[in-house]
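Notes for the structure review
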Amino acid sequence: MIAIGEASRQSGAGIETIRYYEREGIVPKPARASNNRRLYSEHDVGRLRFLKRCRELGFPLANARALLDLSEDDGEDCQSVKEMAELHISNVRNKIEELRRLEAALDELTANCDSGNASCPMLSQLRTALGN
């Protein structure tokens, strides 16, 4: 059994993140030592690593929790996992498209910035969008 700092180090999850997961019931509250300090098992650290990896892949916390629950279920529901992952992939692709549109808009707005005008073309365009 290890303390929260070591659980944080081994899992890569921050101490405040671990406490948040406990408060929200995402992971069970750990055992306590006689001095009331949290004590984590290897299994607890594994859960934290699992959640950390899900979050690194961009899964919303609710989905990460659902995936954790599915991973601990004896009858792992691979179809549910696949559906969740496919929806997440679709959301990621939509975000990429939004970022590409944002990039193009910023490229267009900044294209004239090198002209040395006293009046900034980008600010003029932004003011026009505001109706000023």
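What counts, and at which threshold
Residues numbered from 1 in each chain as written. Predicted model: local features only at pLDDT ≥ 70, side-chain atom pairs only at ≥ 80, totals over all residues. Heavy atoms only, no water. 1 Å grid on protein atoms, 1.4 Å probe; cavity = no way out; pocket = protein on both sides within 12 Å on 5 of 7 lines; lining within 4 Å. Points joined across faces, edges and corners; volume = space filled by probe spheres on them. Helix = DSSP H or I, 4+ residues; strand = E, 2+ residues; numbered from the N terminus. Nonpolar A, V, L, I, M, F, W, Y, C, P; charged D, E, K, R; others polar. Salt bridge = Lys/Arg side-chain N within 4 Å of Asp/Glu carboxyl O. Buried < 20%, exposed > 50% of the residue type's maximum accessible area, 1.4 Å probe, protein only. Phe/Tyr/Trp six-rings, centres within 6.5 Å; stacked < 30°, edge-to-face > 60°. Arc of directions from axis to C-beta. Contact = heavy atoms within 4.5 Å.

**A short note on empty space enclosed by the protein**
As enumerated under the stated definition, the model contains one cavity of 30 Å³ or more in all. Of the voids in this model, the largest cavity is the one considered here, and its volume is about 40 Å³. For the lining of the largest cavity, the element with the most residues is helix 3 (residues 42–56), which contributes three residues. For the lining of the largest cavity, the per-class residue count stands at four nonpolar, no polar and three charged.

**Describing the environment of Ser-41**
Here Ser-41 lies in the loop between strand 2 (38–39) and helix 3. Sequence separation of Ser-41 and Tyr-20 is 21 residues, and the distance between their C-alpha atoms is 18 Å.

**Some thoughts on the pattern of salt bridges**
Taken as a whole, this structure holds nine salt bridges when the rule is applied. As a salt-bridge pair, Arg-38 and Glu-22 come within 2.7 Å of each other at their nearest N and O atoms. Within this pair, whereas Arg-38 is found in strand 2, its partner Glu-22 is found in helix 2 (residues 15–23), the two being separated by 16 residues in sequence. In this structure Glu-22 comes out as buried when scored by relative accessible area, which is 4%. Salt-bridge contacts for Glu-56 lead to Arg-53; the nearest nitrogen and oxygen are separated by 3.5 Å.

**Description of the packing of aromatic side chains**
Counted according to the given criterion, the structure contains one aromatic pair. Judged by centre distance (6.3 Å) and plane angle (55 degrees), the ring pair of Tyr-20 and Tyr-21 falls under tilted. Residue classification places Tyr-20 among the partly exposed positions, given a relative accessible area of 34%. Tyr-21 sits in the buried class, given a relative accessible area of 5%.

**Things to note about helix 1 (residues 4–11)**
Every buried residue belonging to helix 1 is among Ile-4, Ala-7, Ser-8 and Ser-11, and all of these are buried. For helix 1, the angular spread of the buried residues around the axis is 100 degrees, confining them to a single face. Where the residues of helix 1 are buried, they touch helix 2, strand 2 and helix 3.

**Thoughts on unusual backbone geometry**
One non-glycine residue, Asn-36, lies in the positive phi region at around 75 degrees. In this structure, Asn-36 sits in the loop between strand 1 (31–32) and strand 2.

**Brief notes about the side chain of His-88**
Counting through the fold element by element, His-88 comes out in helix 5 (residues 78–110). What makes His-88 buried here is its relative accessible area of 12%.

**A closer look at the side chain of Ser-8**
Secondary-structure assignment places Ser-8 in helix 1. Using a relative accessible area of 14% as the deciding quantity, one classes Ser-8 as buried. For Ser-8, the residues in contact, after removing those within four places along its chain, are Ala-13, Gly-14, Ile-15 and Ile-18.

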